[in-house]
Amino acid sequence: MKSLHRFGLLMPLAICVIVSGCATRPDAGVLQPVADSTLVGKPSVGERIRVLTATNRQPEGKGFSATPSDNTTYEAYDITVPPDRKGAEIAYASHRPDPQRQYIVRRRAELSEAQFETAVGQSASSDGTVGVFVHGYNYSYQEALFRTAQVAVDANVGAVPVLFSWPSAASVTGYVADRDAVLYSRRRLDALLDDLSSARNVKRIVLFGHSMGAFLAMEAVRELKLQHRQDVLDKLEVILASPDIDVDVFRSQLREIGAMKTPITLLVARTDRALQVSSLIANDRARIGRLDIDDPVIQAAAREEHVRVIDITAIDGTDGLGHDRFASLARFGSKLRSFDGDKKASAGDVGAYVFDAAGALVSSPFRLAGSLSRAGQ
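Residues numbered from 1 in each chain as written. Predicted model: local features only at pLDDT ≥ 70, side-chain atom pairs only at ≥ 80, totals over all residues. Heavy atoms only, no water.

K.L.:
Now, about the overall build of the chain: what can you tell me, with residues and values included?
P.N.:
Helices and strands together make up the secondary structure of the chain, namely twelve helices and twelve strands. Residues counted as buried form 54% of the 377 residues belonging to the chain. Per element, the accessible surface of the chain, about 16600 Å² overall, is 51% carbon and sulfur. (Helix = DSSP H or I, 4+ residues; strand = E, 2+ residues; numbered from the N terminus. Buried < 20%, exposed > 50% of the residue type's maximum accessible area, 1.4 Å probe, protein only. Areas by Shrake-Rupley, 256 points an atom, 1.4 Å probe, with all protein chains shown as cover.)

Right, dumping it as structure tokens:
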């Protein structure tokens, strides 16, 4: 009876995930630079952003496959972001590219490792910050690239973002394969973080992992700890959005990593239906990304484990599952960088918080509940 009950719960959720993944997905053709002569309307329309990429996917045709590679490939892209975009939704270039509403690659170049490190150093923000985005399950290389561009522009990060793309199968049925690909990619990501920390002008690395990419981020940080690379760890600020990590596994990772100079931040939503599916697949094992911060036990655990847990349930997603809220949250990025005016988050900023965008249209583009005051206090 229990198995039938689980099946009854799992099927509607699984169908929801599959339907959300059946929308038209871009092929590798969208990675090809578009010439001015082929653009509809004014070629100069849209904000241009550069994205640096590192991937351990196997090159295939114009793009990259889901096959793991023993080597890391580095590239640089110049992308125009359309002015007429709908929130966090991404419209890909068609046979008649329109810069007014579509994300378009204008320049693409392969880089050597040395050229990549130089580019990172030259593009760090004024305070020496570099951001690294690690995508989640069911992402192709091109989808991860354009998501990185969207988040970076909306968050106004002030530096060239770096994408680390691991070999996801980019398939709704590839959950187990993606988990294996994450474990395979740990050393590649920690090597990238090591390289970035030694790049000229880099003083701080914001490591942003989404979903299964959050698990990869934590595993890479754990690897650095085991290698006694405190010099790299001290530069890291880790943000995990909708982390698809078993609660007990996460606690084990935290014990091995120890307290970070800047506390790890979790962006969670108790209504994340994709993580509900993940939990059911894992025999009802709770996922970190669905924590209920109204629970006093969770609030106490956040302080005990020296992490910040921010509930972003109030933010709307675009995937119908509430799993990609981080993409919509990007426009509030400047508010999440600090808990107290212009002061950067410090080691003491731990506990459970609430992000409330309900008053967005009333007096300002956002409202933080109690100025990010502690939940329940």
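K.L.:
Account for the nonpolar core, naming residues and giving values.
P.N.:
Phe 116, Leu 236 and Leu 240 are the most contacted members of the largest nonpolar core, which totals 58 residues. The element that contributes the greatest number of residues to this core is helix α6 (residues 212-226), accounting for nine residues. Other than its neighbours up to four places away in sequence, Leu 236 contacts Leu 193, Ile 205, Leu 207, Val 221, Leu 224, Met 260 and Thr 262. By size, the runner-up hydrophobic cluster in this structure holds 38 residues, among which are Val 51, Phe 64, Val 153 and Phe 355. (Core = buried A, V, L, I, M, F, W, Y, C linked by side-chain atoms within 4.5 Å. Contact = heavy atoms within 4.5 Å.)

K.L.:
Outline the sheet that holds strand β1 (residues 47-60), supporting the account with residue identities and numerical values.
P.N.:
With mixed pairing, the ten strands of this open sheet are ordered in space as β3-β2-β1-β5-β4-β6-β7-β8-β9-β12. The open sheet is flanked by β3 (104-111) and β12 (351-354), the only strands paired with a single partner. Each strand axis lies, on average, 20 degrees off the axis of its neighbour in the sheet, ignoring direction. Both β1 and strand β5 (residues 162-165) contribute to a ladder of four bridges, which runs parallel. Of the residues in β5, the one forming a bridge with Leu 52 is Val 162. Sitting on the sheet, helix α5 (residues 186-198) touches β1, β2 (63-81), β4 (129-134), β5, β6 (204-210) and β7 (236-241), and the angle it makes with β2 is about 45 degrees. The sheet strands contacting helix α10 (residues 296-304) are β9 (307-311) and β12, and the helix crosses β12 at an angle near 120 degrees. (Pairing = 2+ DSSP bridges. Axes fitted to C-alpha atoms, helices over the stretch in contact; angles between N-to-C directions.)

K.L.:
Lay out the packing of α6 against helix α8 (residues 247-257) with the relevant residues and their values.
P.N.:
Where α6 contacts α8, the axes come no closer than 9 Å and their chain directions differ by 30 degrees. In terms of axis orientation, α6 runs roughly parallel to α8. The handedness of the crossing between α6 and α8 comes out as left-handed. Here α6 contributes Phe 215, Met 218, Glu 219, Val 221, Arg 222, Lys 225 and Leu 226 to the contact with α8, which in turn contributes Val 249, Phe 250, Gln 253, Leu 254, Glu 256 and Ile 257. Here the residues of the contact of α6 with α8 sort into eight nonpolar, one polar and four charged. (Parallel < 35°, antiparallel > 145°, perpendicular 65-115°, else oblique. Left-handed = near helix turned anticlockwise from the far one by under 90°. Nonpolar A, V, L, I, M, F, W, Y, C, P; charged D, E, K, R; others polar.)

K.L.:
Can you lay out unusual backbone geometry for me, pointing to particular residues and giving the numbers?
P.N.:
Only a minority of non-glycine residues have a phi that is not negative, and only a minority of peptide bonds are not trans. The backbone of Ala 170 sits at a positive phi, close to 50 degrees, despite the residue not being glycine. Relative to the assigned elements, Ala 170 resides in the loop between β5 and α4 (175-184). Although it is not a glycine, Ser 242 adopts a positive phi angle of roughly 45 degrees. Looking at where Ser 242 falls in the secondary structure, it is placed in the loop between β7 and α8. The exposure class assigned to Ser 242 is buried, which follows from its relative accessible area of 3%.

K.L.:
Tell me about the side chain of Ser 65, residues and numbers included.
P.N.:
Position of Ser 65 among the secondary structure elements: in strand β2. Residue class for Ser 65 comes out buried when judged on its relative accessible area of 10%. Only 3.1 Å separates the side chain of Ser 65 from the backbone nitrogen of Thr 67, close enough to count as a polar contact. Other than its neighbours up to four places away in sequence, Ser 65 contacts Arg 57, Gln 58 and Glu 60. (Polar contact = N/O pair within 3.5 Å; in protein donor to acceptor, adjacent residues only side chain to side chain.)

K.L.:
Quick one: what's the story with the pattern of salt bridges, residue by residue and with numbers?
P.N.:
Using the criterion set out here, one finds 19 salt bridges in the structure. In this structure, Glu 305 and Arg 251 form a salt bridge, with 3.2 Å as the shortest nitrogen-oxygen distance. Pair noted here: Glu 305 is in the loop between α10 and β9 and Arg 251 is in helix α8, with a separation of 54 residues, a long-range link. In this structure Arg 251 comes out as partly exposed when scored by relative accessible area, which is 33%. The structure contains a network of salt bridges with shared partners spanning Asp 244, Asp 246, Asp 248, Arg 285 and Arg 287. (Salt bridge = Lys/Arg side-chain N within 4 Å of Asp/Glu carboxyl O.)

K.L.:
Help me get a handle on the packing of aromatic side chains, residues and values and all.
P.N.:
Enumeration according to the criterion identifies nine aromatic pairs in this entry. When the centroid spacing of 5.3 Å and the interplanar angle of 70 degrees are considered together, the rings of Tyr 137 and Tyr 175 count as edge-to-face. Taken together, the positions of Tyr 137 in the loop between β4 and α3 (141-155) and Tyr 175 in helix α4 put the pair 38 residues apart, joining distant regions of the chain. With respect to burial, Tyr 137 and Tyr 175 carry one shared label: buried. Ring geometry for Phe 208 versus Phe 326: centroids 5.8 Å apart, planes at 45 degrees, classification tilted. (Phe/Tyr/Trp six-rings, centres within 6.5 Å; stacked < 30°, edge-to-face > 60°.)

K.L.:
I'd like to hear about the pairing of β6, residue by residue, with values.
P.N.:
Burial of β6 is extensive: seven of the seven residues sit out of reach of the surface. Here β6 shows a buried face lined by Arg 204, Val 206, Phe 208 and His 210 and a second buried face lined by Ile 205, Leu 207 and Gly 209. The sheet contact formed by β4 and β6 spans six bridges and is parallel. In the sheet register, Gly 131 faces β6, and the bridge partner there is Val 206. Pairing geometry for β6 and β7, over six bridges, is parallel. If you follow Gly 209 over to β7, its bridge partner there is Leu 240.

Coordinates in, geometry out; function isn't part of it.
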